[in-house]
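Per-entry structural report
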Amino acid sequence: MDQPKIERMLRLMWLLASNKNYTIDELGSTLHMSYRTVYRYIDTFKNSGFAVIKLYGNVYKLGKMPKSTPDFEKLLYFSEEEAYILNGLIDRLDQTNAIKAVLKKKLSAIYNSTNISEFVDNKTLSANLANLRKAINEKRVVKLIGYESSHSGTKRDRIVEPYGFTTNDIDVLAYDSQDLKNKVFKIARIEEVEILDSPWEFESSHRKQGMDIFRMSGHIAKRVKLRLNIRAKNLLREEYPLAGKYLQKEGNYWILETDVYDYAGVCRFYVGLADEIKIIDSPEFAAYAKEYMSRNIAKL
């Protein structure tokens, strides 16, 4: 997860746990986020174990703190489970990011009651990354233990030949020696990396993949150009921060022109805001989007 998104989530936590009640619209206005993004973050909090309570209408609050907790205006309290999740988010920041070290130091110093220092010292992610780097340097096969795939919905071990990383070491590029395919594995979804004695066997089949701003990977880039209104532009930057580098203002609209490796990512965003986005000079993507919408409408 990128740093701006973490900052927005932390600010939302602060408001949800404050003494004042905010509606979803007020939260969005205060944090410069759409109501859609606010709801998505609230769902993330719920799914991560936070106690999120709906008071009435569209007013939500974080659950009350223990009585032993200092005054909230001086300190935001996290349970042990919440501290672990927050630490995991911070771990995903770039290793060179100075704010990362400051955040960890503050959390470790403040949350003695939640034993967060134990989680701050958790080296699982770092150890997995170190083992992957070592395997790449030594050209050795690894076992990704307990890898959870969002595509297949399964959790199992994978035998792969790792050979590279995506931006900020979020994913590892590897050749799956069981499926005989080049794949991208998210490092945060790996329970443990075990380096095996076996050397690479399929090096000639390794193919470096690119990753686009919609987090889709592949080998062949395809150009897309979209015209967005202000709302669509804001939603795009909130959900896909790297898109900001490719946005150009044109009158009352914004132009996004970028390469993608799979139309699926950009199409999902476009379909949700089709009346606020216009496809420009991208006939292949226009055909893909039309077929996508027709196929899914037929399911209704």
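See the structure above.
The structure reproduced in this document is the subject of the present report. (Residues numbered from 1 in each chain as written. Predicted model: local features only at pLDDT ≥ 70, side-chain atom pairs only at ≥ 80, totals over all residues. Heavy atoms only, no water.)

**Some details on the sheet that holds strand β7 (residues 192-199)**
Through backbone hydrogen bonds, the strands of a sheet pair up, either in parallel or in antiparallel fashion. Condition: Strands are labelled as partners when DSSP assigns at least two bridges between them. Only runs of H or I of at least four residues qualify as helices and only runs of E of at least two qualify as strands under DSSP, and these elements are numbered from the N terminus. Note on definitions: angles span 0 to 180 degrees between N-to-C directions of axes, and those axes are lines fitted to C-alpha atoms, for helices only across the stretch in contact.
What the five strands build is an open sheet, ordered β6-β5-β4-β3-β7; its pairing is antiparallel. Whereas interior strands pair on both sides, the edge strands pair on one side only; in this sheet they are β6 (181-186) and β7. Averaged over all pairs of adjacent strands, the angle between strand axes in this sheet comes to 45°, irrespective of strand direction. The pairing of strand β3 (residues 140-148) with β7 spans five bridges and is antiparallel. Residue pairing in the sheet places I145 in a bridge with E192 of β7.

**A few points about the nonpolar core**
For clarity, the cut-off: Among buried residues, those of type Ala, Val, Leu, Ile, Met, Phe, Trp, Tyr and Cys that are joined through side-chain atoms within 4.5 Å constitute a nonpolar core. Throughout, exposure labels follow a simple rule: accessible area from a 1.4 Å probe, protein chains only, divided by the maximum for the residue type, with under 20% read as buried, over 50% as exposed, and the rest as partly exposed. Two residues form a contact once any of their heavy atoms are found within 4.5 Å.
In this structure, F214, L228, L236, F269 and F285 are the most contacted members of the largest nonpolar core, which totals 26 residues. Residue assignment for this core shows that the elements contributing at least two residues are β10 (222-228), α8 (230-239), β12 (253-260), α9 (263-272), β13 (277-279) and α10 (283-297). Among the elements that line this core, the one with the most residues is α9, at six residues. With residues up to four places along the chain from it excluded, the contact list for F269 reads F214, L228, A232, L235, L236, E239, Y240 and I277. Judged by nonpolar contacts, the second largest core, of 18 residues, contains Y22, Y41, I42 and F50.

**Notes on the pairing of β3**
Direction of pairing for β3 relative to strand β4 (residues 155-165): antiparallel, over a ladder of five bridges. When the bridges of β4 are listed, K143 appears paired with I159.

**Points about the pattern of salt bridges**
Selection rule: Think of a salt bridge as a Lys or Arg side-chain nitrogen and an Asp or Glu carboxyl oxygen that are within 4 Å of each other.
Under the counting rule described, the total for this entry stands at 13 salt bridges. For R36, the salt bridge identified is with E239, shortest N-O distance 2.8 Å. Here R36, found in helix α3 (residues 35-47), pairs with E239, found in helix α8; they are 203 residues apart in sequence, far enough to count as distant. Of the residues examined, R36 reaches a relative accessible area of 28% and is grouped as partly exposed. We classify E239 as buried; its relative accessible area is 11%. A salt bridge links E257 to R223; its shortest N-O distance comes to 3.8 Å. Placement of E257 in strand β12 and of R223 in strand β10 is noted, with a sequence separation of 34 residues between them. With relative accessibility at 34%, the residue E257 sits in the partly exposed group.

**Concerning the environment of S126**
The topology assignment puts S126 in helix α7 (residues 124-138). A relative accessible area of 38% means that S126 is categorised as partly exposed. Sequence separation between S126 and I187 is 61 residues, and the spatial gap between their C-alpha atoms is 9.8 Å.

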